[in-house]
Structure formats: C-alpha cells, structure tokens
Amino acid sequence: MEILIAGAKRLGFDLSLEKVNSFQLYYEELIHWNKRMNLTAILDYEEVQLKHFLDSLTVALCLEDIPSRLLDVGTGAGFPGVPLKLLFPGIRLWLLESSGKKASFLNHLISRLGVEGVEILTGRAEELARDRRYRETFNVVLSRGVAKLDTLAELALPFCTPGGIFIAQKKGEIDEDVEAAGGAIDILGGRLREVRWVKLEELGEEKALVVIDKCASTPQRYPRRPGIPQKRPLGTKAQKVERPVVEHGK
C-alpha cells in the first residue's frame with residue numbers, strides 16, 4: 001500500500017499501520033468477490049490504490065468536521081464511503097446501493113473489516129428518500145456516480161439536512177454539466193458553493209469535487225418516481241462558479 005500511503009500523505013493524512021492493513025484487507029476482499037460478481041473493472045493492485053482508495057480520500061478535503069451522519073448514494077463496492085470510514089473511524093456511515101448482490105458484498109466487507117457504525121441500505125434513492133428515517137437526516141451526502149449533476153442532485157439533496165452539504169465527485173470537462181444543473185439545485189433547496197479541482201501527482205488528471213450547500217428543505221414532490229430524474233432532468237439555469245485548483249504535496 002505504499003502508493004496509497006504516499007498519496008494520502010500529500011493530502012495531509014498519515015495512515016497508521018492499522019488503517020493500512022484495513023485497506024489491504026479491503027483490496028483482497030474486493031478482488032475475491034469480483035470473481036463471482038462485477039464489482040469493478042479496476043483490479044490492478046496499484047490502480048485500486050489510486051483510482052478507488054486515494055480518489056475516495058480526496059473527498060475529505062471538503063469536510064470541515066467529521067460528519068456525524070454521512071450517506072454515500074450509489075456506493076457500488078463502497079466508494080467513497082468505506083475509505084472515508086477507514087480514514088475517520090468516528091463517522092457514522094450509511095451506504096446506499098440498489099443492487100442486492102453488491103449490498104451482500106458490502107455487508108460481508110464491513111463484517112470482515114470489523115468496523116462499527118455502518119448501515120447498508122438496499123433500494124432506490126428515489127424511494128428511500130421518502131422514508132422519514134432518512135429524508136433530510138444526513139449532514140453530508142456523497143456520490144461518485146456517473147450521472148449528470150442535475151440527476152445526482154435530485155437523488156441526493158432530499159437526504160441532506162438543511163445546513164448540510166452534498167459533495168459529488170466528477171472528472172473531465174464538467175463546466176456545462178455544472179452550469180446546466182443550476183436550476184435543479186435551486187428547486188431542490190441547494191446552492192452551489194464551489195467546484196474544487198484537486199491536482200495530485202499520483203492521480204494524474206485533475207479531479208473535481210462539486211460542493212453544494214443545502215439551504216432549504218426539498219419540496220415534498222422530490223425526488224420523483226424511479227427513473228424519472230434520469231429521463232426528465234429538472235429545468236436548467238446557467239451559473240458560473242469559481243474553479244480553484246488545489247495542488248497537494250508541492
């Protein structure tokens with residue numbers, strides 16, 4: 001795990017031997033389970049450290065405090081939620097995944113890692129966001145999904161409590177995506193705070209962290225029924241945001 005250790009140090013985090021061992025076990029379980037189900041196309045030891053583990057840890061740059069209730073929407077094989085839990089054991093973490101098979105892996109993984117304060121939610125975000133136990137109860141909501149930002153906002157912001165934040169991990173040319181999502185963010189009670197570009201030597205290309213403040217309660221009609229946020233995104237409205245690039249380890 002030398003690559004992960006070095007990259008985390010550039011971000012400002014020193015990984016203890018116990019945490020490094022947990023990441024090693026995570027990798028081993030990921031590879032083992034990937035033989036029977038499609039968890040990830042990234043299997044190389046170094047690439048997993050970079051593109052899954054280290055990439056997940058960049059989210060911590062936007063966390064002012066350790067969140068008391070953190071939700072990872074569409075977590076898949078546990079990214080970015082589980083690496084953040086390993087970095088900050090005090091986080092109370094919920095992992096939301098619609099695939100029952102992937103949820104089975106997550107339950108097994110959490111058991112093997114021996115971490116406490118983690119709950120696996122199996123279902124669609126559009127439905128669980130209407131459950132009183134989860135609606136507007138999380139002070140930090142994350143997503144590393146590949147959907148457009150207006151869709152991700154409708155799936156994630158209803159979970160976020162007013163005063164909390166939603167962080168979406170993005171890469172590539174995203175200016176049009178971010179600007180087009182402005183109307184949806186407004187409707188859902190959010191306000192775009194910043195797009196923070198993280199430049200880390202180990203990761204190569206710049207990665208973007210889109211940070212959205214939850215300023216008001218989301219209207220009860222949102223999110224719409226499953227599938228609709230992707231098929232019919234909410235209205236658009238151009239917004240310009242600053243693009244600070246933070247270089248680490250220089």
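About the cut-offs
- Per chain, residue numbering runs from 1 following the sequence as it is written.
- With pLDDT at 70 or above as the cut-off, local features in this predicted model cover only qualifying residues; side-chain atom pairs require 80 or more to be listed or tallied, and sums for whole chains, interfaces and linings still use all residues.
- Neither water nor hydrogens contribute to the side-chain values; these are computed over all heavy atoms in the structure.
- Pairing of aromatic rings covers Phe, Tyr and the six-membered ring of Trp, with a centre-to-centre limit of 6.5 Å; geometry is then stacked below 30 degrees between planes, edge-to-face above 60, and tilted otherwise.
- Numbering goes from the N terminus for both helices and strands, where a helix is a DSSP run of H or I of at least four residues and a strand is a run of E of at least two.
- A simple rule labels every residue: compare its accessible area, found with a 1.4 Å probe on the protein chains alone, to the largest value its type can have, and call it buried under 20%, exposed over 50%, or partly exposed in between.
- Both a distance and an angle decide whether a charge sits over a ring: NZ of Lys or CZ of Arg must be within 6 Å of the ring centre and within 35 degrees of the ring normal.
- One requirement defines pairing of two strands: DSSP has to find at least two bridges between them.
- Look down the strands so they point away from you; if going from the first strand over the helix to the second traces a clockwise path, that crossover is right-handed.
- The pLDDT value tells you how sure the predictor is about a given residue, anywhere from 0 up to 100.
- Working rule for contacts: check all heavy atoms of both residues, and any pair within 4.5 Å makes them a contact.
- Among buried residues, those of type Ala, Val, Leu, Ile, Met, Phe, Trp, Tyr and Cys that are joined through side-chain atoms within 4.5 Å constitute a nonpolar core.
- Under this scheme, a helix contributes an axis fitted over its contacting stretch, all axes are lines through C-alpha atoms, and angles between N-to-C directions fall in the 0 to 180 degree range.
- An angle below 35 degrees is read as roughly parallel, one above 145 as roughly antiparallel, one from 65 to 115 as roughly perpendicular, and any other as oblique.
- Helix crossings are classified by the rotation of the near helix relative to the far one: an anticlockwise turn of less than a right angle makes the crossing left-handed, while a clockwise turn makes it right-handed.
- In this classification, Asp, Glu, Lys and Arg are treated as charged, Ala, Val, Leu, Ile, Met, Phe, Trp, Tyr, Cys and Pro as nonpolar, and every other residue, Gly included, as polar.
- To estimate the expected span of a helix, count its residues, drop one, and scale the result by 1.5 Å.
- By construction, the arc corresponds to the directions joining the helix axis to the C-beta atoms.
- Here, a salt bridge means any Lys or Arg side-chain nitrogen found within 4 Å of an Asp or Glu carboxyl oxygen.

Participant: Help me out: how do you make sense of the packing of aromatic side chains in this one?
Facilitator: The geometry of two aromatic rings is summed up by the distance between their centres and the angle between their planes. Going through the model one piece at a time under the given rule, you end up with 9 aromatic pairs. With a centroid separation of 6.2 Å and an interplanar angle of 55°, the aromatic rings of F53 and F79 are classed as tilted. One end of the pair, F53, is in helix α3 (residues 45-57); the other, F79, is in the loop between β1 (70-73) and α4 (81-87), and 26 residues separate them in sequence. F79 shares its class with F53; the two are buried. Where W94 meets F138, the ring centres are 5.2 Å apart and the plane angle is 75°; that geometry is what we call edge-to-face. One end of the pair, W94, is in strand β2 (residues 93-97); the other, F138, is in strand β4 (residues 138-143), and 44 residues separate them in sequence. Grouping aromatic residues by their ring pairs yields a cluster made of F23, Y26, F53 and F79. If you follow R69 out to its NZ or CZ, it ends over the ring of W94, 4.2 Å from the centre. A cation over an aromatic ring shows up here: R69 above the ring of F138, its NZ or CZ 4.8 Å from the ring centre.

Participant: How should the pairing of β1 be read in this particular structure?
Facilitator: Note on strand geometry: in a regular strand, side chains alternate between the two faces of the sheet. Here β1 shows a buried face lined by L70 and D72 and a second buried face lined by L71 and V73. Judged from the 4 bridges that link them, β1 and β2 form a sheet pairing that is parallel. Within β2, the residue paired with V73 across the bridge is L96. For the crossover that starts at β1, traverses α4 and ends in the parallel β2, the hand is right-handed. Both β1 and β4 contribute to a ladder of 3 bridges, which runs parallel. Bridge assignment links L70 to a residue of β4, and that residue is V140.

Participant: Would you explain the confidence of the model for the chain in this entry?
Facilitator: Any segment with low pLDDT has predicted coordinates that should not be analysed in fine detail. On average, the chain scores 91 in pLDDT, and the residues at 70 or more come to 94%. Confidence, read as mean pLDDT per element, is least for strand β8 (residues 245-247) in the chain (53) and greatest for β1 (98). Predicted confidence for residues 238-242 stays below pLDDT 50, and this span has 10 contacts to residues more than four positions away or in other chains.

Participant: So what exactly am I meant to see when it comes to the environment of V195 here?
Facilitator: Mapped onto the elements of the fold, V195 is located in strand β6 (residues 190-199). Residue V195 is classed as buried on the basis of its relative accessible area of 2%. Sequence separation of V195 and M37 is 158 residues, and the distance between their C-alpha atoms is 34 Å.

Participant: Looking at this structure, I do not really get the nonpolar core. What am I missing?
Facilitator: The tendency in soluble globular proteins is for nonpolar side chains to be buried as a group. Ranked by internal contacts, the top residues of the largest apolar core, which has 54 residues, are F53 and F105. Apart from the residues lying within four places of it in its own chain, the contact partners of F105 are Y26, E29, L30, W33, M37, L39 and A77. Counting residues in each nonpolar core, the second largest holds 35 residues, with F138, L152, A153 and I174 among its members.

Participant: Teacher, can you tell me more about the environment of L121 here?
Facilitator: Examined against the element boundaries, L121 turns out to sit in strand β3 (residues 118-122). When the C-alpha positions of L121 and E97 are compared, they lie 6.3 Å apart, and in sequence the two are 24 residues distant. In this structure L121 touches L71, W94, L95, L96, E97, L128 and Y134, once residues within four positions along its chain are discounted.

Participant: Just to check I follow, could you spell out the packing of helix α2 (residues 17-34) against α3 for this structure?
Facilitator: The angle between the axes and the distance between the axes are what describe a pair of packed helices. Direction vectors running N to C along α2 and α3 enclose 120°, while the axes themselves pass 11 Å from each other. Between α2 and α3, the interaxial angle falls into the category oblique. You can see that α2 and α3 cross each other, and the crossing is right-handed. Touching F23, Q24, Y26, Y27 and L30 of α2 are Y45, V48, H52, F53 and L57, all from α3. Class assignment of the residues belonging to the contact of α2 with α3 gives a composition of 8 nonpolar, 2 polar and no charged.

Participant: I keep staring at helix α5 (residues 100-113) and nothing clicks. Help me out?
Facilitator: Along an α-helix, a turn takes 3.6 residues, which lines up residues three or four apart on a common side. Spanning 14 residues, α5 covers 20 Å between terminal C-alpha atoms, matching the ideal 20 Å at 1.5 Å per step. All buried positions along α5 are accounted for by A103, F105, L106, L109, I110 and L113. With its buried residues spanning 155° around the axis, α5 presents them on a single face. Exposed positions of α5 whose direction lies more than 90 degrees from the buried face are K101 and S111.

Participant: Teacher, can you tell me more about the pattern of salt bridges here?
Facilitator: Pairing of side chains with opposite charge becomes possible as their charged atoms draw close. Evaluation of the coordinates by the stated rule reveals 12 salt bridges. With its nearest N and O atoms 3.9 Å apart, the salt bridge here joins R193 to E64. Of this pair, R193 sits in strand β6 while E64 sits in the loop between α3 and β1; the two residues are 129 residues apart in sequence, bridging distant segments of the chain. By relative accessible area, which is 36% here, R193 ends up partly exposed.

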